[in-house]
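# Residue-level structure breakdown
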Amino acid sequence: MYKNGNVTVMVSDLNKAVRFYVDILGLRLQYEVPGRWAQIEAPGLTIGLHPSNEHGPNPGNSESISIGLEAQNFAAAMETLQTRGVEFSPIMEDKATRIAYFGDPDGNPLYLIEVKYGG
């Protein structure tokens with residue numbers, strides 16, 4: 001029924017958002033329509049960046065949606081992102097997962113996760 005899907009993130013400054021998702025998080029820019037849309041590729045996830053306007057939601061206001069990125073090496077990924085200026089909330093950990101929350105330049109919620117299979 002469906003061919004593909006994406007998560008759309010409303011942003012206040014498209015260029016700044018693209019730099020964050022590509023240069024800071026290390027994701028890949030698939031394509032961009034300057035000033036209107038950018039499509040970012042993460043493993044198993046497409047993120048659409050869209051400038052906010054009077055017809056849509058404001059950036060950083062939705063707490064019901066967040067973007068999770070599963071790390072191959074949680075500690076190394078955190079260290080890399082911290083050297084790039086990302087600030088994390090305290091790590092939350094249980095038997096199955098380790099999660100560190102952070103935000104993009106607009107405060108849209110993201111998290112880094114390690115899944116402990118067989119936990």
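See the structure printed just above.
Here's a quick rundown of the structure. (Residues numbered from 1 in each chain as written. Predicted model: local features only at pLDDT ≥ 70, side-chain atom pairs only at ≥ 80, totals over all residues. Heavy atoms only, no water.)

This paragraph deals with the pairing of strand β7 (residues 97–103). Across two bridges, strand β6 (residues 92–93) lies against β7 in antiparallel orientation. Paired with Glu93 across the strands is Arg98, a residue of β7. Linking two consecutive strands that pair antiparallel, namely β6 and β7, is a turn of three residues. Where β7 meets strand β8 (residues 109–115), seven bridges bridge the pair, whose relative direction is antiparallel. Within β8, the position partnered with Tyr101 by the bridge is Tyr111. (Pairing = 2+ DSSP bridges. Helix = DSSP H or I, 4+ residues; strand = E, 2+ residues; numbered from the N terminus.)

Moving on, we come to the layout of surface pockets. One simple way to see leftover space: roll a probe sized like a water molecule over the atoms. Each pocket or cavity is described by its volume, and for the largest pocket that value is around 390 Å³. Around the largest pocket, the lining is made up of 17 residues, and of these Leu25, Leu27, Pro43, Leu69 and Glu70 lie nearest the centre. When contributions to the lining of the largest pocket are tallied by element, the ones reaching two or more residues are β3 (37–42), β5 (67–70) and α2 (74–83). Class assignment for the residues of the lining of the largest pocket results in nine nonpolar, four polar and four charged. (1 Å grid on protein atoms, 1.4 Å probe; cavity = no way out; pocket = protein on both sides within 12 Å on 5 of 7 lines; lining within 4 Å. Points joined across faces, edges and corners; volume = space filled by probe spheres on them. Nonpolar A, V, L, I, M, F, W, Y, C, P; charged D, E, K, R; others polar.)

The next thing to look at is the sheet that holds β8. Spatially, four strands are ordered β5-β8-β7-β6 in an open sheet, and the strand pairing comes out mixed. Both edges of this open sheet fall to β5 and β6, since each of them pairs with a single strand only. With four bridges joining them, β5 and β8 adopt parallel strand pairing. Paired with Glu70 across the two strands is Ile113, which belongs to β8. Along the sheet face, α2 touches β7 and β8 and points at about 150° away from the line of β8. (Contact = heavy atoms within 4.5 Å. Axes fitted to C-alpha atoms, helices over the stretch in contact; angles between N-to-C directions.)

The next point concerns the packing of aromatic side chains. A full pass over the atoms with the stated rule returns three aromatic pairs. Judged by centre distance (5.3 Å) and plane angle (85°), the rings of Phe20 and Tyr21 are edge-to-face. The burial state of Phe20 is the same as that of Tyr21; both residues are buried. (Phe/Tyr/Trp six-rings, centres within 6.5 Å; stacked < 30°, edge-to-face > 60°. Buried < 20%, exposed > 50% of the residue type's maximum accessible area, 1.4 Å probe, protein only.)

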